[in-house]
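Coordinates in review
So the chains spell out like this:
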Amino acid sequence: MRVLAGIILCFLVGQGFTFCNVPLGMMFGALFTVLMLKRIGFSVSSMPGSITVIQLSLGISIGIMFRDFSYGEHRQISLLFALLLLCLSLQFTLSYFWCVRRLGWSKEEALLGAVPGAMAAVLALASHIKTPPQKIVISHSLRLITLTFLAGYITRGASADILAATPAVFFSGHNLLWLTGMVLAGYIAGKFLERLHFPAPFMITSLVCAAALHPLSSQPLIFPDLFNQISMVLMGILLGHHFTTYSMAEFSRHLWSSVQLVLIGLGVTIIMAFISARLLDYPFPVLMLSWVPGSVESMSFAALALKADASFVMANHIIRMLLIHTVPALVFFRKRQMKVD
């Protein structure tokens, strides 16, 4: 009951933020509520399985868009993904050398701090090599909040109307049956990928299932935006918890180094996105949302709010997360093998 009350309160505050035309108001309203309540001694508990609900909602809402997707619009897709890899390489390399040479971090700490996003993978590696994660978590938390705010700024004026009536077709037996099948298929397949430690497993599987099943339906399916707005509230609560983990003293101690890493990653992204947008005649906001080292959920929400190419944004972030989850692990595995030899 306490969890439900917290979600309802965050939803109402988020509604107020949206009414005031705050971009991604539902997410930032929930984030603001969590932080303010924490200051007066109250806490908002996150709903168990929140990240699964968020990923299923995003995956299906974007996956059903593929029914009318034209692959002819993405003739330069391979080049764009190659530029993504270049952007990632620059973000990591510059941040790594800055951590070592300017901030005085150890090589292991620099490696974890320089990874462009994917906090879950970073924490897993930090515990594996016994590195104190405090400065690492604060750095990545600040990056996550800052880039989420940036995504909201990019989508300013595109706040969704959460009070809009749900289309009547949503309640039809045909629509509900197909959507239920997509949710079940995405969840079951996602549990399998989760065991293989894939990043955002339920988002990937629900997107694939929705994209594959929607063309089989005799009529277009409707997924109400209200579900994404609720998911944004859950996302805001989770983001808020990142900052309530540590005291203000601990946060302030590592603030300047965290700001420097955020500026490096953001600066590289802006330059790469601007040059690529000019060379390839591709929208700059879409490339920014696709290549900025933030949360795949937050950036996909922003792309939906902007009515941009959300499938392209999500694809870029999934590729980034796959690389981030595998490359550092391979590096540490190689180091262990060298020590054994």
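Residues numbered from 1 in each chain as written. Predicted model: local features only at pLDDT ≥ 70, side-chain atom pairs only at ≥ 80, totals over all residues. Heavy atoms only, no water.

Section: the overall build of the protein chain
Each helix and strand counted, the protein chain has 15 helices and 0 strands in total. When burial is assessed residue by residue, the protein chain has 48% of its 341 residues classed as buried. When the accessible area of the protein chain is evaluated, it comes to approximately 16700 Å², of which 69% is carbon and sulfur surface. (Helix = DSSP H or I, 4+ residues; strand = E, 2+ residues; numbered from the N terminus. Buried < 20%, exposed > 50% of the residue type's maximum accessible area, 1.4 Å probe, protein only. Areas by Shrake-Rupley, 256 points an atom, 1.4 Å probe, with all protein chains shown as cover.)

A few points about the nonpolar core
Side chains of nonpolar character tend, in soluble globular proteins, to be buried together. Residues Ile-237, Leu-287 and Trp-291 are the most contacted members of the largest nonpolar core, which totals 55 residues. If near-sequence neighbours (up to four positions away) are discounted, Ile-237 is found in contact with Ile-7, Cys-10, Ala-30, Val-34, Val-44, Ser-45 and Ser-46. Counting residues in hydrophobic clusters, the runner-up holds 9 residues, among them Tyr-96, Ala-110, Leu-112 and Ala-114. (Core = buried A, V, L, I, M, F, W, Y, C linked by side-chain atoms within 4.5 Å. Contact = heavy atoms within 4.5 Å.)

Quick notes on helix H3 (residues 50-63)
If you check H3, its first and last C-alpha atoms are 20 Å apart, about what 14 residues at 1.5 Å a residue would give, namely 20 Å. The buried fraction of H3 amounts to 12 of the 14 residues, a majority that puts the element mostly inside the structure. Looking only at H3, the buried set comprises Ser-50, Thr-52, Ile-54, Gln-55, Leu-56, Ser-57, Leu-58, Gly-59, Ile-60, Ser-61, Ile-62 and Gly-63. (Expected span 1.5 Å × (residues − 1).)

Re the side chain of Ser-217
Tracing the sequence through the fold places Ser-217 in the loop between helix H9 (201-213) and helix H10 (225-244). Taking the relative accessible area as the measure of exposure, Ser-217 reaches 4% and is therefore buried. A distance of 3.4 Å separates polar atoms of two side chains, one belonging to Ser-217 and the other to His-174. (Polar contact = N/O pair within 3.5 Å; in protein donor to acceptor, adjacent residues only side chain to side chain.)

A word on the pattern of salt bridges
The full count for this structure, using the stated rule, is 1 salt bridge. Ionic pairing is found between Lys-191 and Glu-194, a salt bridge with its closest N-O pair at 3.3 Å. Remark: Glu-194 and Lys-191 occur in helix H8 (residues 173-195); sequence separation between them is 3 residues, near one turn of the helix. Since its relative accessible area comes to 36%, Lys-191 is described here as partly exposed. (Salt bridge = Lys/Arg side-chain N within 4 Å of Asp/Glu carboxyl O.)

Thoughts on helix H12 (residues 255-280)
Taking 1.5 Å of rise per residue, the 26 residues of H12 would be expected to cover 38 Å, and the 37 Å separating its terminal C-alpha atoms lies within 8% of that figure. Backbone geometry just downstream of H12 places Asp-281 in the positive-phi region, at approximately 55°.

Describing the confidence of the model for the protein chain
The predicted coordinates should not be examined in detail at positions where pLDDT is low. Averaged over every residue, the pLDDT of the protein chain is 78; residues scoring 70 or more account for 77%. In the model, residues 157-163 has pLDDT below 50 throughout and makes 16 contacts with residues more than four positions away in sequence or in other chains. (pLDDT = per-residue confidence, 0-100.)

Digging into the side chain of Thr-205
Note that Thr-205 resides in helix H9. Not counting residues within four places of it along the chain, the set of residues in contact with Thr-205 comprises Gly-186, Ala-189, Gly-190 and Leu-193.

Quick look at the packing of helix H4 (residues 77-101) against H12
Interaxial distance between H4 and H12 falls to 9 Å at its minimum, and their mutual angle equals 155°. In this view, H4 runs roughly antiparallel relative to H12, as classed from their interaxial angle. Note that H4 runs across H12; the crossing there is right-handed. Every residue of H12 that contacts H4 at Leu-79, Leu-80, Leu-83, Leu-86, Cys-87, Leu-90, Gln-91, Leu-94, Ser-95, Trp-98 and Cys-99 is listed here: Gln-260, Leu-261, Ile-264, Gly-265, Val-268, Thr-269, Met-272, Ser-276 and Leu-280. (Axes fitted to C-alpha atoms, helices over the stretch in contact; angles between N-to-C directions. Parallel < 35°, antiparallel > 145°, perpendicular 65-115°, else oblique. Left-handed = near helix turned anticlockwise from the far one by under 90°.)

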